[in-house]
Amino acid sequence: MCGIVGYLGSQPAHPILIGGLKRLEYRGYDSAGIAVLEDGQLCIEKKKGKVADLEALIGDNQYSSTIGIGHTRWATHGEPNDLNAHPHLSNNGSLAIIHNGIIENYGALKEDLNQKGYAFKSDTDTEVFISFIEYIKESEGLSLEDAVRIALTKVVGAYAIAILSSDEPDKLIVARKGSPLVIGLGKDEFFVASDASPIIEYTNEVIYLEDEEIAIMQNGEYRVINTSDDSQNPQIQTIDIELEAIEKGGYEHFMLKEIFEQPKSIADCMRGRLKASTGQLVLGGIREYKQALINAEKITFVACGTSWHAGLVAEYIFEDLCRIPVEVEYASEFRYRNPIIKEGDIIVAISQSGETADTLAAIELAKDRGAIVFGIVNTVGSSISRVTHEGAYLHAGPEIGVASTKAFTAQITVLTMIALRIAHLKGTITERRYNELLVELEGVPDKVQQALDFNDKVETIADLFQDAKNFLYLGRGYNFPVALEGALKLKEISYIHAEGYPAAEMKHGPIALIDENMPVVVIATRDSSYDKVVSNIQEVKARKGVVIAIVTEGDVLIPKMADFTIEVPSTHEALMPLISVIPLQLLSYHIAVMRGANVDQPRNLAKSVTVE
Ligand code: G6P
């Protein structure tokens, strides 16, 4: 949450900062701001709203400064307004900071600084943080670098920060703990950002700063130290993200692009790993701890949001194929309730961004208690990919729309491959079923494309329901998590209240809500619970509910009962979530567009939730 950018070099910083903020806007869009050092003076422009509002504010005021920092905010402390927008200045105006994270002890620091005569303009923890640095610098007569380092040992919480000083106008200082920070190394120039997306158009050489590391950049050179003042030797990595992967490529929204990319992203996820014709399933990321997975008495998935739904699908798959008991935990609940974790237990963390604070904290807790932790992550080089013992990348490409789509299907694809591999090694699956599932999985991208081909029909249905106040989503078995995901997609981007339920559970509550105004989306593909779902549809129809059914192509029974049907190709029921979720993603997308909602940046949400 919150995106930070910085630049130091010989080009004008201002356009680089604005371009970077646009790339990071998915991380928060309550306000945006930049600070540059123009003729040694700190100049700040900041505004409530989007980066476009900041651009309008700056207007023709083109700064020529070659050093600057920028921020796009997801509010934690203080409402989203101009005053609370970053950058913030220190008390005497000589230091400017941008910050992603939360300083938990800011209240005590603020009180202390107040008593010393410091005044604050905003409600933010960040303004306290920079004035605290100023206080240490001034009261102890320290250099900026030492003052930052000492301040970092005294704050509690998470931060990725970038600091400018009018006293040292050619120096950019950045640091991180718990929030991501990447430094791009150009020729005598440096690019700083919360992730690599603002950097890749300039350089592919990057350093991922580690927790409690501080980088000092000046005169084309950089040094990295830790908070104990020990010199660090960071690894320079080469990243290979193509620029087109982070652009809309002709689509109206990133979300639509990402929905339509799924045949490719799922294929990319399997590339080099699965080859059905030879029975090959290679997963380099689970090599070292493979035996631990095979012997596991239990597997615990931890995740948040859509990734948690992918974990629920995986629960069905792992229990079905591997015969290993599975628990799926919200990372935020797991970490706070003294969970039972024994030495050698298996924890699988699922995360698109690889930065979700609660998931990271759950991993740390599990590792402290001796668990083996796997990461199923999309963002290469992200924190979760670095703190887990082993794991597998999704290779789905950058996901920018806040509502997750292609990451969900890629997560399920990776988890299915792992389950198949373990089941095969354990012997809990017959050779025949194993080979059948490999063939089916390899064929999923084509089937996803067929499901996407019904886009026009989904759009027509969306048009009829765009004014609905509530939606109910029902599914059973493998399609139950899909019902949860369909409801989440709708509420996230269209702001229509929606609930996902196991179809049979409807009788124990939600059925009371059903009347002629309640659209009920039923995922009713042909599988082992088909007949039961048909009964559930009858129950909805008997109460005059309006049924939109997702059915397997060729189904002749349900179209006679449901008000609307959307067909998807048939596949093995364990793989159906990869296909049945497609029309639900499209339905939520079209309804949100028709309601005029900002699909890629829904209100109050952020893509990368780096606060707890
Ligand atoms: C946020 C995003 C969701 C995402 C969730 C978990 O809420 O808006 O799309 O599913 O975080 O994020 P992660 O990056 O850990 O998958």
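This one's a predicted model, so the numbers in the text were calculated from it and none came from an experiment.

Criteria and thresholds
- Residues numbered from 1 in each chain as written.
- Predicted model: local features only at pLDDT ≥ 70, side-chain atom pairs only at ≥ 80, totals over all residues.
- Heavy atoms only, no water.
- Pairing = 2+ DSSP bridges.
- Helix = DSSP H or I, 4+ residues; strand = E, 2+ residues; numbered from the N terminus.
- Core = buried A, V, L, I, M, F, W, Y, C linked by side-chain atoms within 4.5 Å.
- Buried < 20%, exposed > 50% of the residue type's maximum accessible area, 1.4 Å probe, protein only.
- Domains from an automatic or database assignment.
- Contact = heavy atoms within 4.5 Å.
- Expected span 1.5 Å × (residues − 1).
- Axes fitted to C-alpha atoms, helices over the stretch in contact; angles between N-to-C directions.
- Parallel < 35°, antiparallel > 145°, perpendicular 65-115°, else oblique.
- Left-handed = near helix turned anticlockwise from the far one by under 90°.
- Nonpolar A, V, L, I, M, F, W, Y, C, P; charged D, E, K, R; others polar.
- Buried area = accessible area lost by both parts, 1.4 Å probe.
- Salt bridge = Lys/Arg side-chain N within 4 Å of Asp/Glu carboxyl O.
- Polar contact = N/O pair within 3.5 Å; in protein donor to acceptor, adjacent residues only side chain to side chain.

### Regarding the sheet that holds strand β6 (residues 95-100)
With respect to topology, six strands assemble into an open sheet ordered β5-β6-β7-β8-β12-β13, the strand pairing being antiparallel. Both outer strands of the open sheet, β5 (88-89) and β13 (221-226), are each paired with one neighbouring strand and no more. As paired strands, strand β8 (residues 171-177) and strand β12 (residues 213-218) are joined by six bridges and run antiparallel to one another. If you follow K171 over to β12, its bridge partner there is Q218.

### Observations regarding the nonpolar core
By size, the foremost hydrophobic cluster in this structure holds 99 residues, and its most contacted members are I299, F301, F318, F471 and Y473. Of all the elements, helix α13 (residues 406-426) adds the most residues to this core, at 12 residues. Here this core spans two domains, and each of domain 2 (248-442) and domain 3 (448-597) adds at least three residues to it. Setting aside its immediate chain neighbours within four residues, Y473 contacts A483, G486, A487, L490, A498, E499, G500, Y501, V521, L584 and L587.

### Thoughts on the side chain of N536
Secondary-structure assignment places N536 in helix α18 (residues 530-542). Beyond its immediate sequence surroundings of up to four residues, N536 is in contact with R476, A503, A504, M506 and K507.

### Points about α13
Compared with an ideal rise of 1.5 Å per residue, which puts 21 residues at 30 Å, α13 spans 30 Å between its outermost C-alpha atoms and is within 8% of the ideal. Of all 21 residues that make up α13, 17 are buried, and the element is covered over most of its length. Of the residues one or two after α13, G427 is the one with positive phi, at around 80 degrees.

### With respect to the packing of helix α3 (residues 106-115) against helix α4 (residues 125-140)
Look at α3 against α4: their axes get within 9 Å of each other, and the N-to-C directions meet at 55 degrees. On the basis of their axis angle, the class for α3 and α4 is oblique. The two elements α3 and α4 meet at a crossing, and its hand is left-handed. Contact residues: α3 offers Y106, L109, K110 and L113, while α4 offers D125, V128, S131, F132 and Y135. Among the residues forming the contact of α3 with α4, the class breakdown is six nonpolar, one polar and two charged.

### Quick look at helix α11 (residues 357-368)
With 12 residues, α11 extends 17 Å from end C-alpha to end C-alpha; this agrees with the ideal 16 Å at 1.5 Å per step. Those residues of α11 that sit buried are A357, D358, T359, L360, A361, A362, I363, L365 and A366. The inward-facing, buried residues of α11 contact β17 (299-303), α10 (331-334), β19 (346-351), β20 (372-377) and α12 (383-387). Of the residues flanking the end of α11, it is G370, one or two places downstream, whose phi is positive at about 90 degrees.

### With respect to the domain arrangement of the protein
You'll often see interface size given as the accessible area lost when the parts meet. Per the domain assignment, the segments making up the protein are domain 1 (3-244), domain 2 (248-442) and domain 3 (448-597). Centre-to-centre separation of domain 1 and domain 2, based on C-alpha positions: 33 Å. Looking only at domain 1, the three residues that lose the most surface to domain 2 are Y26, P180 and Y208, adding up to 47% of its buried area. Here domain 1 is connected to domain 2 by one salt bridge. A salt bridge links R386 to E210; its shortest N-O distance comes to 3.0 Å. Joining domain 1 to domain 2, the criterion identifies three residue pairs in polar contact (both at pLDDT 80 or more).

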